[in-house]
Amino acid sequence: MKKHNFNAGPSILPREVIEKTAQAVLDFNGSGLSVLEISHRSKDFEVVMNETVALFKELLNIPEGYSVLFLGGGASMQFCMIPFNLFEKKAAFLNTGVWANKAMKEAKGFGEVVEVASSKDANYTFIPKDYVIPTDADYFHITTNNTIYGTEILTDIDSPVPLIADMSSDIFSRPMDVSKYGLIYGGAQKNLAPAGLTFVIVKDELLGKVSRYIPTMLNYKTHIADGSMFNTPPVLPIYSALETLRLLKANGGLAEMEKRNIAKAELLYNAIDNSKIFVGTAAKEDRSRMNICFVMKPEYKELEADFQKFASERGMVGIKGHRSVGGFRASTYNALPIESVQALVDCMQEFEKLKA
Ligand SMILES: *Cc1c(COP(=O)(O)O)cnc(C)c1O
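Note that the structure is predicted; figures quoted are calculated from it, not measured.

## Considering the domain arrangement of the protein chain
For step 1, the next point in the chain: By domain assignment, the protein chain separates into domain 1 (15–250) and domain 2 (253–355).
For step 2, the next point in the chain: Just the C-alpha atoms count here: the centres of domain 1 and domain 2 sit 27 Å apart.
For step 3, the next point in the chain: Each partner contributes to the interface: domain 1 provides 25 residues, whereas domain 2 provides 24 residues.
For step 4, the next point in the chain: Taken over both partners, the interface formed by domain 1 and domain 2 buries close to 2000 Å², and the fraction arising from carbon and sulfur atoms is 53%.
For step 5, the next point in the chain: It is Ile148, Gly150 and Leu248 that lose the most area in domain 1 upon contact with domain 2, and together they represent 23% of the buried surface on that side.
For step 6, the next point in the chain: Applying the counting criterion to the domain 1 and domain 2 interface returns 1 salt bridge.
For step 7, the next point in the chain: Lys129 is the salt-bridge partner of Asp286, the closest N and O atoms lying 2.9 Å from each other.
For step 8, the next point in the chain: The tally of links from domain 1 across to domain 2 stands at 14 residue pairs in polar contact (both at pLDDT 80 or more).
For step 9, the next point in the chain: Counting only elements with at least two residues in the side of domain 1 that touches domain 2, the list comes to helix H2 (43–60), strand S7 (151–152) and helix H6 (235–250).
For step 10, the next point in the chain: Considering only residue class, the side of domain 1 that touches domain 2 consists of 10 nonpolar, 9 polar and 6 charged.

In structure tokens, the structure reads:
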């Protein structure tokens, strides 16, 4: 049976990327060696690193004055690495869910943290909009896509202080204006590569200003100076990321990706909105294009387990909602074809005909 992979992360990668990665594991560039057994400092890998950085810059249209870093530790490591490098006395946060809270928790160890707004009381079903960013904060932190709740900030917002964004689950999903951000980071395992790779895009002029000692491995300057080769970088996920980026470029770049992501999201949200038994959980104006969350209406609640089974018997994988939202979550990352979304919609409609 054909599987439709809606996993939230690690998640679907283009088949072509998986095949190219498998090929490089067996024989990298016709060298007779596996990409798993070469030096990260070899000429061959240097080419991979350089092209990956170049494609990051090209596809995201990153202006001069920014560095692109490939690190370990996951997005979660950035929750402390960012304050180590940028927090002097105060940082501001928009509280849009679990990941924003984890970032805030780490920052609290460094000084005053201001929560400018929160949608916690509504179980993070919307993105707060009326808030004031303190102009004396060292930075303002947002989570652009809230993977668990299915809300997303789809515009590049203005901030009077450096804007820091966790883009773990929506990087490369739309064209964006990097110049509005001071730092963008994320784990690569949602929309880019297998787990193990963390990307950081940082505006160089923000660094070197804090008064504390920064541990060498946690200092962005260390990694900038050595082109992400201060220590051994995650070689294999970087190789896969390169293949993903090559494919993105060949397929029309981020404008085309955005078009496809909008079409996929509309297809599924329309089905949810026109359903008698399903209902979306996120506020319509803040709906994510990457993680689409829905539940059974109260009068059909007892059918949830049935639908879970019904869908998995038809090849749907990974649609169980996060435990803090319940119901269902379909992650519709770049690599997910619209045919899979259509298959899920068909499955929902078939179920509704049978049960409602
Ligand atoms: C998955 C996720 C994280 C955590 O990433 P790790 O790489 O596992 O640390 C952080 N933020 C967001 C928005 C995520 O989706």
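From this point, things continue past the structure.
## Observations regarding the site of the ligand
For step 1, the next point in the chain: Surveying the vicinity of the ligand reveals 13 residues, the closest of which are Ser76, Thr147, Asp166, Gln189 and Lys190.
For step 2, the next point in the chain: Contacts to the ligand include Ala75, whose backbone N or O atom sits 3.0 Å from an oxygen atom.
For step 3, the next point in the chain: Take Asp166: an N or O atom from its side chain is 2.6 Å from a nitrogen atom of the ligand.
For step 4, the next point in the chain: Ranked by the residues each element gives to the shell around the ligand, the list is headed by helix H3 (residues 74–86), at 3 residues.
For step 5, the next point in the chain: Among the residues making up the shell around the ligand, the classes are represented as 2 nonpolar, 9 polar and 2 charged.

## Remarks on the sheet that holds strand S8 (residues 163–166)
For step 1, the next point in the chain: The strand order across the open sheet formed by 7 strands is S2-S10-S9-S8-S5-S3-S4, and the pairing between neighbours is mixed. Here the strands that pair on one side only, and so sit at the sheet edges, are strand S2 (66–71) and strand S4 (112–118). Strand-to-strand twist of the sheet, defined as the mean angle between neighbouring strand axes without regard to direction, takes the value 15°.
For step 2, the next point in the chain: Where strand S3 (residues 90–95) and strand S5 (residues 139–143) come together, 3 bridges link them in parallel fashion. Residue pairing in the sheet places Phe93 in a bridge with His141 of S5.
For step 3, the next point in the chain: In this fold H3 packs onto S2, S5, S8, strand S9 (183–187) and strand S10 (198–203), with an angle of close to 155° to the strand it touches most, S9.

## A word on the pattern of salt bridges
For step 1, the next point in the chain: What the rule picks out here adds up to 22 salt bridges.
For step 2, the next point in the chain: Linking Asp136 and Lys90 is a salt bridge whose minimum nitrogen-to-oxygen distance equals 3.1 Å. In this pair, Asp136 is assigned in the loop between S4 and S5 and Lys90 in strand S3, connecting sequence segments 46 residues apart.
For step 3, the next point in the chain: Classification of Lys90 by relative accessible area gives buried; the value is 14%.
For step 4, the next point in the chain: A salt bridge links Glu313 to Arg314, with the shortest nitrogen-to-oxygen separation between them at 3.8 Å.

## Comments concerning the nonpolar core
For step 1, the next point in the chain: In this structure, Phe56, Leu60, Phe140 and Phe172 are the most contacted members of the largest nonpolar core, which totals 53 residues.
For step 2, the next point in the chain: With 8 residues, the single largest contributor to this core is H2.
For step 3, the next point in the chain: Apart from residues lying up to four places away in sequence, Phe140 is in contact with Ala92, Phe93, Leu94, Val116, Tyr131, Ile133, Ile157, Ser159, Val161, Pro162, Leu163 and Ile164.

## As for the UniProt feature "binding site: pyridoxal 5'-phosphate" (unreviewed entry) in the protein chain
For step 1, the next point in the chain: Mapped onto this numbering, the UniProt entry gives "binding site: pyridoxal 5'-phosphate" (unreviewed entry) at Ala75, Ser76, Trp99, Thr147, Asp166, Gln189, Asn231 and Thr232. A stretch of 158 residues holds the annotated residues, and the largest C-alpha distance among them is 30.4 Å, long enough that they do not meet in one place.
For step 2, the next point in the chain: Turning to its location among the elements, Thr147 is positioned in the loop between strand S6 (145–146) and S7.
For step 3, the next point in the chain: What makes Thr147 buried here is its relative accessible area of 5%.
For step 4, the next point in the chain: Dropping the residues within four chain positions of it, Thr147 is found in contact with Ala8, Trp99, Ser169, Lys190, Asn291, Arg329 and Tyr333.

Criteria and thresholds
Residues numbered from 1 in each chain as written. Predicted model: local features only at pLDDT ≥ 70, side-chain atom pairs only at ≥ 80, totals over all residues. Heavy atoms only, no water. Domains from an automatic or database assignment. Contact = heavy atoms within 4.5 Å. Buried area = accessible area lost by both parts, 1.4 Å probe. Salt bridge = Lys/Arg side-chain N within 4 Å of Asp/Glu carboxyl O. Polar contact = N/O pair within 3.5 Å; in protein donor to acceptor, adjacent residues only side chain to side chain. Helix = DSSP H or I, 4+ residues; strand = E, 2+ residues; numbered from the N terminus. Nonpolar A, V, L, I, M, F, W, Y, C, P; charged D, E, K, R; others polar. Near = heavy atom within 4 Å. Pairing = 2+ DSSP bridges. Axes fitted to C-alpha atoms, helices over the stretch in contact; angles between N-to-C directions. Buried < 20%, exposed > 50% of the residue type's maximum accessible area, 1.4 Å probe, protein only. Core = buried A, V, L, I, M, F, W, Y, C linked by side-chain atoms within 4.5 Å. UniProt positions renumbered as here; feature names shortened; annotations may be inferred.

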